[in-house]
Amino acid sequence: MGMIKFREITEADNAAVAALVRNNLEQFKLNIPGTVYFDDALDHLSDYYDGDGRKYFVIEGDDGQVIGGIGYDRFEPMKDTAELQKLYLMDSAKGSGLGYKMIDFIEGKMREAGYKASYLETHDNLMAAIHIYKKKGYKEIERPKEVVHSTMNRFFWKLLG
């Protein structure tokens, strides 16, 4: 892995990020109703993450290609808590330790935005992601009662020190 660069998502990134997310969901058999796979908003992420209290960042590889993305949004059910959202990497960038760097980066952005804790939802199928979250200090919690319809079945939380 050469130099990587984090930057905020722009409208020009929408198609690349949507493809990245859908490709990953297909690989893990999560291209099913109830995931973001069929969500039209996935094709316009730059619009959604333009709001208050939420941001999305893309990771550029050496050649300027988008190789990953990660974001956060306010998680209403918990006070001062951001939800870590849509951490995805291209296959070529997996196994390089970049996932850990992405989490460090987004937690820094959450802190800057005034959040005190990070929450995330994931799925049994995403074992590599679960491994990273645990190593980064996330603790598994019960499904929050407000989270009714999510296909995701594993829930994690971390205090941002």
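As a reminder, the structure under discussion sits directly above these lines.
Keep in mind it's a predicted model, so treat the numbers as computed, not measured.

**Section: the packing of aromatic side chains**
Counting across every chain of the model gives nine aromatic pairs. Plain terms: the ring middles of Phe-57 and Phe-105 are 4.9 Å apart, the flat faces sit at 85 degrees to each other, and that makes the pair edge-to-face. Taken together, the positions of Phe-57 in strand β2 (residues 55-60) and Phe-105 in helix α3 (residues 98-112) put the pair 48 residues apart, joining distant regions of the chain. The rings of Phe-6, Phe-57 and Phe-105 are connected pair by pair, giving a single aromatic cluster. The ring centre of Tyr-37 lies 6.0 Å from the NZ or CZ of Arg-22, which sits over that ring. Positioned over the ring face of Tyr-48 is Arg-54, at 4.1 Å from the centre of the ring.

**A short note on the environment of Gly-61**
Residue position: Gly-61 is located in the loop between β2 and β3 (66-74). Taking the relative accessible area as the measure of exposure, Gly-61 reaches 11% and is therefore buried. With 43 residues separating them along the chain, Gly-61 and Asp-104 place their C-alpha atoms 18 Å apart. Beyond its immediate stretch of four places on either side in the chain, Gly-61 contacts Met-3 and Ile-67.

**Description of the pairing of strand β4 (residues 81-89)**
With respect to burial, β4 is a largely interior element, seven of its nine residues being buried. A loop of six residues connects β3 with β4, the two strands running antiparallel in sequence, and Asp-80 in this loop sits at a positive phi of about 55 degrees. Pairing of β4 with strand β5 (residues 117-122), which is carried by three bridges, proceeds in the parallel orientation. Looking at the pairing, Thr-81 lines up with Ala-117 of β5. Viewed along the sheet, the connection from β4 through α3 into β5 turns out right-handed.

**Structural notes on unusual backbone geometry**
We note that Lys-29 has phi near 60 degrees; this positive angle belongs to a residue other than glycine. On the secondary structure map, Lys-29 appears in the loop between α1 (14-27) and α2 (45-48). Owing to a relative accessible area of 61%, Lys-29 belongs among the exposed residues under this scheme.

**Comments concerning the nonpolar core**
Counting residues in hydrophobic clusters, the biggest one holds 22 residues, and the most contacted among them are Tyr-72, Leu-84, Leu-98, Ile-106, Met-110 and Tyr-138. Among the secondary structure elements, those contributing two or more residues to this core are β2, β3, β4, α3 and α4 (127-135). At five residues, the largest contribution of residues to this core is made by α3. Sequence-distant contacts of Met-110, that is, excluding residues within four places in its chain, are made with Tyr-72, Ala-82, Glu-83, Leu-84, Tyr-115, Ser-118 and Leu-160. Ile-9, Val-21, Leu-25 and Met-152 belong to the second-largest nonpolar core, a separate cluster that totals 18 residues.

Calculation rules
- Residues numbered from 1 in each chain as written.
- Predicted model: local features only at pLDDT ≥ 70, side-chain atom pairs only at ≥ 80, totals over all residues.
- Heavy atoms only, no water.
- Phe/Tyr/Trp six-rings, centres within 6.5 Å; stacked < 30°, edge-to-face > 60°.
- Helix = DSSP H or I, 4+ residues; strand = E, 2+ residues; numbered from the N terminus.
- Lys NZ or Arg CZ within 6 Å of the ring centre and 35° of its normal.
- Buried < 20%, exposed > 50% of the residue type's maximum accessible area, 1.4 Å probe, protein only.
- Contact = heavy atoms within 4.5 Å.
- Pairing = 2+ DSSP bridges.
- Right-handed = clockwise from strand over helix to strand, strands pointing away.
- Core = buried A, V, L, I, M, F, W, Y, C linked by side-chain atoms within 4.5 Å.

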